[in-house]
Amino acid sequence: MANLTTTYLGLNLKNPLVAGSSGLTNSVEKIVEMEKNGVGAVVLKSLFEEQINNEVNVLLSKDLQNTAYPEAEDYIRTYLHDNTLHHYIELVKAAKEATSVPIIASINCVSGNEWMGFAREIEKAGADALEVNAFIVPTDRKVKSEEIEERYLEILTEVKKVVNIPVAMKIGPQFSNLVSMVDRLYAHGAAGVVMFNRFYEPDINLDKLAISAAEVFSSPADIRQSLRWVGIISGTLKRIDIAASTGIHDGEGLVKQLLAGATVGQVCSAMYVNGIPVVKEMVDYLEKFMKKWNFKNLDEFRGRLSYSNLPNPVLYERAQFMKYFSNNVNE
């Protein structure tokens, strides 16, 4: 039988399929179901810095007396932060007690200042690792791109100061030089990188003439962007773990990401769309694939089609460009 075990962020996983952070991983009952269906690890639903801050601001704006006294405002802010953290700590503890798979906590932040205490308490609660989910939207034309990148590094640096558990950075693809950025994250202490975050995307409702949310879930076609960069970065930077995220909806998607060089694949939307048992189908497909090609373990094929292992790596850079013009030439 094929050996599906692997390591991610220094943790031992029974297979490379990880349940990504979502509303589904906010329930111990569902996390237990995920383990029964075969996930190798679980990333808990994120603690959102912006959401907590927004709740504080809403509460303060409801009653002017809340802001009339500095002590009252400080009390409200402290209470909401502590209460939210308490519930999250209980989730970490309950998930650890109910399952045997690694439990990875997640924080979604836009600054490094308020999260040092949160990260420290999450580690004390027993989380095996921490995923730092950061997305900074550059809207100020006076801010240079390198300043935005430095903020990501500052967030990572501040968190690393207070925890000893492995930290992975979950990022988007919007960097001038993604390979350089991932290399810098590794240099600042990231044990892994998750590519990519599926951010909130706006749409316009023409019936109401208002901004609305676009489709929440990913589609199988969304794998293409992450597949490209997993292949490039895994073939260029050998030292950092890579979790492929966005677009893995079946076993084929998982295998493709592993062939490109991913350490693990994260699944989220597929569980919403097809139910948690889709996890078992993915793991079963991985086993059948390995049996078909007589691969005894993941290392025998992981990265086989990465950027550095292709005779023509430019296929990762301009595949459609080359195909289009080669077809025209042949005509």
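Look a little higher up for the structure.
Here's what I pulled together on the structure shown here. (Residues numbered from 1 in each chain as written. Predicted model: local features only at pLDDT ≥ 70, side-chain atom pairs only at ≥ 80, totals over all residues. Heavy atoms only, no water.)

1. What about the overall build of the protein chain?
And step 1. Helix and strand counts for the protein chain stand at 12 helices and 13 strands.
And step 2. In the protein chain, buried positions account for 47% of the 331 residues.
And step 3. Taking the intrachain contacts of the protein chain between residues at least 6 apart in sequence as the baseline, contacts between residues at least 24 apart amount to 70%.
And step 4. When the accessible surface of the protein chain is totalled, it reaches about 17200 Å², and 51% of it is carbon and sulfur. (Helix = DSSP H or I, 4+ residues; strand = E, 2+ residues; numbered from the N terminus. Buried < 20%, exposed > 50% of the residue type's maximum accessible area, 1.4 Å probe, protein only. Contact = heavy atoms within 4.5 Å. Areas by Shrake-Rupley, 256 points an atom, 1.4 Å probe, with all protein chains shown as cover.)

2. Topic: the packing of helix H6 (residues 145–162) against helix H7 (residues 178–187)
Axis angle and axis distance: for two packed helices, these are the angle between their axes and the distance between the axes, and together they describe the pair.
And step 1. Relative to each other, H6 and H7 sit at 25 degrees, their axes nearing to 10 Å. As summarised for this structure, H6 and H7 are arranged roughly parallel, according to the angle between their axes. By crossing handedness, the relation of H6 to H7 is classed as right-handed. Contacts between H6 and H7 involve Glu149, Glu150, Tyr152, Leu153 and Leu156 on the former and, on the latter, Met181, Arg184 and Leu185. (Axes fitted to C-alpha atoms, helices over the stretch in contact; angles between N-to-C directions. Parallel < 35°, antiparallel > 145°, perpendicular 65-115°, else oblique. Left-handed = near helix turned anticlockwise from the far one by under 90°.)

3. Concerning the pairing of strand E7 (residues 129–134)
And step 1. Summarising burial for E7: six of the six residues are buried, a large majority.
And step 2. Residue alternation in E7 divides its side chains into two sets, Ala129, Glu131 and Asn133 and Leu130, Val132 and Ala134, and both sets are buried.
And step 3. The sheet contact formed by strand E6 (residues 103–109) and E7 spans six bridges and is parallel. Its bridge partner lying in E7, Cys109 is registered against Ala134.
And step 4. Sheet topology places E7 next to strand E8 (residues 167–171); four bridges connect them, and they run parallel. (Pairing = 2+ DSSP bridges.)

4. Concerning the side chain of Glu123
And step 1. Structurally, Glu123 is set in helix H5 (residues 115–124).
And step 2. Buried Glu123, no salt bridge; nearest opposite-charge side chain is Arg120, N-O distance 7.1 Å.
And step 3. Beyond its immediate chain neighbours, meaning those up to four positions away, Glu123 contacts Val162, Val163, Asn164 and Ile165. (Lys, Arg positive; Asp, Glu negative; His and termini not counted. Salt bridge = Lys/Arg side-chain N within 4 Å of Asp/Glu carboxyl O.)

5. Examining the packing of aromatic side chains
And step 1. With the rule as written, the count across this model stands at six aromatic pairs.
And step 2. Taking the centre distance of 6.0 Å and the plane angle of 40 degrees together, the rings of Phe289 and Phe295 count as tilted. Pair check on accessibility: Phe289 and Phe295 agree, each one buried.
And step 3. Joined through ring pairs, the aromatic side chains of Phe289, Phe295 and Phe301 make up one cluster. (Phe/Tyr/Trp six-rings, centres within 6.5 Å; stacked < 30°, edge-to-face > 60°.)

6. Description of the environment of Ser180
And step 1. By the element assignment, Ser180 lies in helix H7.
And step 2. Ser180 gets classed as partly exposed once you look at its relative accessible area, which sits at 31%.
And step 3. As for Ser180 and Leu237, which are separated by 57 residues in sequence, their C-alpha atoms are 9.5 Å apart.

7. What about the pairing of E8?
And step 1. Counting buried positions along E8 gives five out of five residues, so the element sits mostly inside the fold.
And step 2. Residues Val167, Met169 and Ile171 point to one face of E8 and Ala168 and Lys170 to the other, with burial holding for every one of them.
And step 3. For the segment spanning E7, H6 and E8, crossover handedness is right-handed.
And step 4. Across four bridges, the pairing between E8 and strand E9 (residues 192–195) is parallel. Bridge pairing in E9 links Ile171 to Met195. (Right-handed = clockwise from strand over helix to strand, strands pointing away.)

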